[in-house]
Amino acid sequence: AAEALVMLDRNDEALEYINMVRTRARMCGGPGNTSPENLTSVSFEDVENERQMEFACEGRRFWDLVRWNLADDYLVGSETAGGFQIQFESPKCDFMPLPANEVALSNGILEQYPGW
């Protein structure tokens, strides 16, 4: 909700949601945990950072970067932890390819995404 509200320039409303997430995420785990200070303003960068922390190691970061049109900035020229060069090409990698069988069965209604 915070992401959608920031995209609609309703940052004051987004602030409530992002602070709820920050409080919930950082209050779990043990008796020594304390609530983080609430943000007093929120920007797209705050939402991006919170999603990165919230979903670390869950495989969602790639799709966030693609959705926000930031994949080129973050992925092109970078390597995986194993040292493999990341291959990302936009617009090809913005979508998974449609199954060739489905494209053929559609009799020309479906068109494959560019590059696939």
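Up top is the structure these notes are about.
Model, not experiment: these values are computed from the prediction.

Engineer: Can you help me understand the overall build of the protein in this one?
Structural biologist: Summing up its helical and strand segments, the protein has 6 helices and 0 strands in all. Taken from N to C terminus, the helices and strands of the protein fall in the order α-α-α-α-α-α. Relative to a compact globule of 116 residues, whose C-alpha radius of gyration would be 13 Å, the protein shows 19 Å and is clearly more extended. Considering only C-alpha atoms, the protein reaches an extent of 60 × 35 × 25 Å along its principal axes.

Engineer: Honestly, helix H2 (residues 11-26) in this entry has me stumped. Any pointers?
Structural biologist: At 3.6 residues per turn, the α-helix brings residues three or four places apart onto the same side. Here H2 spans 22 Å end to end across 16 residues, near enough to the 22 Å set by a 1.5 Å rise per residue. The complete set of buried residues in H2 reads Ala14, Leu15, Ile18, Asn19 and Arg22. Projected onto a plane normal to the axis of H2, the buried residues spread over an arc of 135 degrees and lie on a single side. On its buried side, H2 packs onto helix H1 (2-7) and helix H3 (44-54).

Engineer: I'm lost on the environment of Asn19 in this one. Help?
Structural biologist: Examined against the element boundaries, Asn19 turns out to sit in helix H2. Overall, the relative accessible area of 9% leaves Asn19 in the buried class. The sequence separation of Asn19 and Ser41 amounts to 22 residues, and the corresponding C-alpha distance is 9.9 Å. Once you skip the residues sitting within four places of it in the chain, Asn19 turns out to touch Asn38 and Leu39.

Engineer: Sorry if this is basic, but what is going on with the packing of aromatic side chains here?
Structural biologist: When we look at a pair of aromatic rings, we describe it by the centre distance and by the angle of the planes. Considering all chains together, one arrives at 4 aromatic pairs under this definition. A centroid spacing of 5.0 Å and a plane angle of 85 degrees characterise the contact between Phe44 and Trp68, whose relative ring orientation is edge-to-face. Here the residue Phe44 occupies a position in helix H3, and Trp68 occupies one in the loop between helix H4 (61-67) and helix H5 (71-75), the gap between them amounting to 24 residues. Summarising the aromatic geometry, the rings of Phe95 and Tyr113 are spaced 4.6 Å apart at their centres and angled 15 degrees between planes, so their arrangement reads as stacked.

Engineer: What exactly am I supposed to notice about the environment of Gly77 here?
Structural biologist: With respect to the helices and strands, the residue Gly77 is situated in the loop between H5 and helix H6 (100-105). Spatially, the C-alpha atoms of Gly77 and Thr40 are 36 Å apart, while their sequence positions differ by 37 residues.

About the cut-offs
Residues numbered from 1 in each chain as written. Predicted model: local features only at pLDDT ≥ 70, side-chain atom pairs only at ≥ 80, totals over all residues. Heavy atoms only, no water. Helix = DSSP H or I, 4+ residues; strand = E, 2+ residues; numbered from the N terminus. Rg over C-alpha atoms; globule rule 2.2 N^0.38 Å. Expected span 1.5 Å × (residues − 1). Buried < 20%, exposed > 50% of the residue type's maximum accessible area, 1.4 Å probe, protein only. Arc of directions from axis to C-beta. Contact = heavy atoms within 4.5 Å. Phe/Tyr/Trp six-rings, centres within 6.5 Å; stacked < 30°, edge-to-face > 60°.

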